[in-house]
Amino acid sequence: MSDFLNYLNSNLTPGQAGAYLWVVIYILIIFAAVSVAVIAMNWLERKILAHMQVRLGPMRVGPHGLLQPFADALKLLLKEDIIPANADKLVFWMAPLVVVITAFTTYIVIPFGPTHAVTDMNIGILFMLGVASLGTLGIIMAGWASNSHYPLLGSLRSSAQMVSYEVAMGMAVVSAVLMTSLSGVGVYGIGPGGGDAIGTLSMIEIVRAQMNQHVWFIFKFFPLGLAAFGIFAIAMVAETNRAPFDLPEAESELTAGFHTEYSGFRWSLFFLAEYAAMIAVSSIAVTLWLGGWMRPFPHWLGGGAWDTAFSLFPALTFFFLAGLTLRTTVRMPKTSYFKIQKTGLGVFGLLLGGIGLVLLVPPVRDRIQDIYWFAIKVAGFMYLYIWYRGTFPRYRFDQLMSLGWKFMIPTGVAVLIATALVGVL
Amino acid sequence: MPLQELTPVATPYFFYGLSAVAVLSAIGVIMRRNPVHSAISLIFTLLSLAGLYLMLYAPFVAGVQIILYVGGIVVLFLFVIMLINIERMQREYQFNKQWLVGLLAAAVLGVLFVAVYVKGQAIFPQHAVRFPEQLNTQQVGKMLYVDYLLPFEIASLLLLVAIVGAVVMAKKRI
């Protein structure tokens, strides 16, 4: 028991400290948090898309459709599980599992804070890219096992797309990894080095390198870091099969692409995996280029007063959300039909406010703020995903391929070489 | 952070478990009539080999194994296999009767394995050199780009020639 509590005083991740009980706890927390995030994303995506198209979106189930994701989940669980007659049963059964397991395995190395990761590996980023590339296998298996034309075409497209964009993604990642070894302070790395000059693939060490060099890698060697980040930001949309690169599930041509034949719970696994993978690749982008768990301006606005000010942000965010919810509660129609909705929304608002109050307690505040800054950066990417979907028309397949091979990969190689040159000079 | 040697837990169980998966799925690769099932078995073999590399203190090799072999090569295998008409292939008569050669090769390999098992103590050092887990990738990089730079570059040139050759052969009009 004392070992169990002693871990809280160490500054290692539970995997490195060998605290196996804490590893299990961390995994459960991450699994629960990602599931909640997927539910929230489901609601937000429909709401935001609707508002972008001047619609209301879901409004009926719960106040402002807040309970819609739960209703959908219930529907999916109760739906009949259909396996097509000539499908390859075993592969059909395995495919959703492969997709979900690979999507969630990547979370092992994501650093939500200096100690808030399940473990820190020497090959962190390599592990993430490798496991993420296994997700392609699940999609191919799903498409082939369905024994139907639309899924097969969808999965062929998807595998071609993912294999070609992985190359560009790798180039961008390598140039960020290269930056970890080029020590020195500031945008151009001039001045005494902060840390050791040995490069690293470990996710935590990559963020530490940004801390030591006093610069987020998106601004390092301007505009090279920005270019690498841009390549990654485009490639990650293609990797997760999202609009405008959602050809594997282009509704107008392929009905629903690789998961056409899936229904009920199996389909919801694909849905869960897609959103989990989106959060995972966004976390890679945040870790590599946006300073991971670091708050904005940790050095420029350093010092005790600023630290305290910035550590109030999590609580303030929750107070803002609570205020928004309570304002909506007050503004709801006065008729008695809305009584239950009104009470529910009011309780939800008070709950958010209560969480905000808990976050004000100093020990909680200190432990939570790394996670908060990481989550808020990832949330920015999630909003971008929805924004893309509401804004860009879908690419044609040949346009997608020529963008990937003729623009992204050459630019990626050029950025990599330029980064190496600037670093050596 | 202090450099620490990673101490694995329950080593024999993991070794035998991973080896069993590797061997069984390797048998699956050659026994299944359906090529897609063979390819999926191959994935399991490669993944358990990656696990064995991890146990040998080579996380970088394990990561590369997963990215290149499982994420790249097997995906391309499946990509090609999916376009073949499997139903016709399964009904087709297999006429490559080379079991005699196969048996001979297997026997020679078996003898080799037994010989290594018997004499292995003398041939191989008892314990491999261990690097701290945190520096494995850095050590590989140093070996490739400092100690063995010329062989590495020659190998990459060979690969480049192969790629150009493949493009030339695949494309009718360049």
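What counts, and at which threshold
Residues numbered from 1 in each chain as written. Chains lettered and ligands numbered in written order. Predicted model: local features only at pLDDT ≥ 70, side-chain atom pairs only at ≥ 80, totals over all residues. Heavy atoms only, no water. Helix = DSSP H or I, 4+ residues; strand = E, 2+ residues; numbered from the N terminus. Contact = heavy atoms within 4.5 Å. Areas by Shrake-Rupley, 256 points an atom, 1.4 Å probe, with all protein chains shown as cover. Rg over C-alpha atoms; globule rule 2.2 N^0.38 Å. Buried < 20%, exposed > 50% of the residue type's maximum accessible area, 1.4 Å probe, protein only. Expected span 1.5 Å × (residues − 1). Buried area = accessible area lost by both parts, 1.4 Å probe. Salt bridge = Lys/Arg side-chain N within 4 Å of Asp/Glu carboxyl O. Nonpolar A, V, L, I, M, F, W, Y, C, P; charged D, E, K, R; others polar. Patch = residues over 30% accessible without salt bridge, like charges linked within 9 Å, V, L, I, M, F, W, Y side chains within 5 Å. Axes fitted to C-alpha atoms, helices over the stretch in contact; angles between N-to-C directions. Left-handed = near helix turned anticlockwise from the far one by under 90°. Phe/Tyr/Trp six-rings, centres within 6.5 Å; stacked < 30°, edge-to-face > 60°. Core = buried A, V, L, I, M, F, W, Y, C linked by side-chain atoms within 4.5 Å. pLDDT = per-residue confidence, 0-100.

## What to know about the overall build of chain B
Next, step 1: Regarding its fold elements, chain B presents 7 helices and 0 strands.
Next, step 2: Traced from its N-terminal end to its C-terminal end, chain B shows the element sequence α-α-α-α-α-α-α.
Next, step 3: Restricting the contact set of chain B to residue pairs at least 6 apart, pairs at least 24 apart contribute 63%.
Next, step 4: Split by element, the accessible area of chain B, about 13,200 Å² in all, is 74% carbon and sulfur.

## Digging into the overall build of chain A
Next, step 1: If you tally the helices and strands in chain A, you get 16 helices and 0 strands.
Next, step 2: Taking 2.2 N^0.38 as the reference for a compact globule, 425 residues should give roughly 22 Å; the C-alpha atoms of chain A span a radius of gyration of 23 Å, in line with that estimate.
Next, step 3: Seen through its principal axes, chain A has C-alpha atoms that stretch 65 × 55 × 50 Å.
Next, step 4: A total of 425 residues make up chain A; the buried ones form 50% of that total.

## A short note on helix α5 (residues 89-105) of chain A
Next, step 1: Between its terminal C-alpha atoms α5(A) stretches 25 Å, which fits the 24 Å expected from 17 residues at 1.5 Å a residue.
Next, step 2: Where α5(A) is concerned, the buried positions are Val91(A), Phe92(A), Met94(A), Ala95(A), Pro96(A), Val99(A), Val100(A), Thr102(A), Ala103(A) and Phe104(A).
Next, step 3: On its buried face, α5(A) is in contact with α3 (20-52), α6 (124-145) and α11 (264-289) of chain A together with α2 (35-55) of chain B.

## Thoughts on the interface of chain B and chain A
Next, step 1: The partner chain A presents 33 residues to the 30 residues of chain B that form the contact.
Next, step 2: Of the roughly 2,600 Å² buried at the junction of chain B and chain A (both faces included), carbon and sulfur atoms supply 74%.
Next, step 3: At the surface where chain B touches chain A, the tally comes to 0 salt bridges.
Next, step 4: The residue makeup of the side of chain B that touches chain A, split by class, is 20 nonpolar, 9 polar and 1 charged.

## Let's talk about the side chain of Thr325(A)
All names here are of chain A.
Next, step 1: Locating Thr-325 in the fold gives a position in helix α13 (residues 313-330).
Next, step 2: Using a relative accessible area of 11% as the deciding quantity, one classes Thr-325 as buried.
Next, step 3: Each residue touching Thr-325, except ones within four places of it in the same chain, is listed here: Leu-345, Phe-348, Gly-349 and Leu-352.

## Let's talk about a nonpolar patch on the surface
Next, step 1: Nonpolar side chains collect at one region of the surface, where Val187(A), Tyr188(A), Phe219(A), Phe222(A), Leu226(A) and Val422(A) lie side by side and expose about 510 Å² of accessible area between them.
Next, step 2: Looking at the secondary structure, you find Leu226(A) in helix α9 (residues 224-239).

## Quick notes on the packing of α9(A) against helix α15 (residues 362-391) of chain A
All names here are of chain A.
Next, step 1: In contact at an axis separation of 12 Å, α9 and α15 are set at 65° when each is read in the N-to-C sense. Handedness of the α9/α15 crossing: right-handed. Contacts between α9 and α15 involve Phe-229, Met-236 and Val-237 on the former and, on the latter, Phe-381, Tyr-385 and Tyr-388.
Next, step 2: Grouping the amino acids of the contact of α9 with α15 by side-chain chemistry returns 6 nonpolar, no polar and no charged.

## Notes on the pattern of salt bridges
All names here are of chain A.
Next, step 1: Under the counting rule described, the total for this entry stands at 9 salt bridges over all chains.
Next, step 2: The salt bridge involving Asp-72 is made with Arg-46; its shortest N-O contact spans 2.5 Å. Residue Asp-72 is located in helix α4 (residues 68-78), and its partner Arg-46 is located in helix α3; the two are separated by 26 residues in the primary sequence.
Next, step 3: For Asp-72, a relative accessible area of 21% puts it in the partly exposed group.
Next, step 4: A salt bridge links Glu-274 to Arg-242; its shortest N-O distance comes to 3.4 Å.

## Looking at the packing of aromatic side chains
Residues and elements named next belong to chain A.
Next, step 1: Counted under the stated rule, the structure contains 23 aromatic pairs over all chains.
Next, step 2: For the ring pair Phe-92 and Tyr-262, a centre distance of 4.1 Å and an interplane angle of 5° mean the geometry is stacked. Placement of Phe-92 in helix α5 and of Tyr-262 in the loop between α10 (251-254) and α11 is noted, with a sequence separation of 170 residues between them.
Next, step 3: Accessibility expressed as a relative area gives 5% for Tyr-262, which makes it buried.
Next, step 4: Taken together, the ring pairs connect Trp-306, Phe-310, Phe-313, Tyr-372 and Trp-373 into an aromatic cluster.

## Let's talk about unusual backbone geometry
Residues and elements named next belong to chain A.
Next, step 1: Of the consecutive residues Phe-222 and Pro-223, the connecting peptide bond is found in the cis state with omega at 5°.
Next, step 2: Residues other than glycine seldom take positive phi values, yet His-64 does so here, at roughly 55°.
Next, step 3: Looking at the secondary structure, you find His-64 in the loop between α3 and α4.
Next, step 4: Even without glycine at this site, Phe-221 takes up a positive phi of about 50°.
Next, step 5: Note that Phe-221 resides in the loop between α8 (203-212) and α9.

## Side note on the environment of His149(A)
Next, step 1: As for its position among the elements, His149(A) is in helix α7 (residues 149-181).
Next, step 2: In sequence terms His149(A) and Thr260(A) are 111 residues apart; their C-alpha atoms lie 9.8 Å from each other.

## Observations concerning α3(A)
Next, step 1: When the terminal C-alpha atoms of α3(A) are compared, their 46 Å separation across 33 residues agrees well with the 48 Å that a helix rising 1.5 Å per residue should span.
Next, step 2: The positive-phi residue at the C-terminal boundary of α3(A) is Val54(A), with phi of around 55°.

## Structural notes on the nonpolar core
Most often, soluble globular proteins keep nonpolar side chains buried together rather than apart.
All names here are of chain A.
Next, step 1: The biggest cluster of nonpolar side chains holds 112 residues, and the ones touching the most others in it are Tyr-107, Phe-232, Met-236 and Trp-289.
Next, step 2: With 15 residues, α11 is the largest single contributor of residues to this core.
Next, step 3: When sequence neighbours within four positions are dropped, the list of residues in contact with Met-236 reads Met-169, Val-281, Ser-282, Ala-285, Phe-381 and Tyr-385.
Next, step 4: Judged by nonpolar contacts, the second largest core, of 5 residues, contains Ala-117, Val-207, Trp-293 and Met-294.

## A closer look at the confidence of the model for chain B
All names here are of chain B.
Next, step 1: For chain B, mean pLDDT is 81; residues scoring 70 or higher make up 80% of the total.
Next, step 2: Ranking the elements of chain B by mean pLDDT puts helix α4 (residues 86-91) last with 66 and helix α7 (residues 149-170) first with 92.
Next, step 3: The ipTM value of the predicted complex is 0.78, and its pTM value is 0.86.

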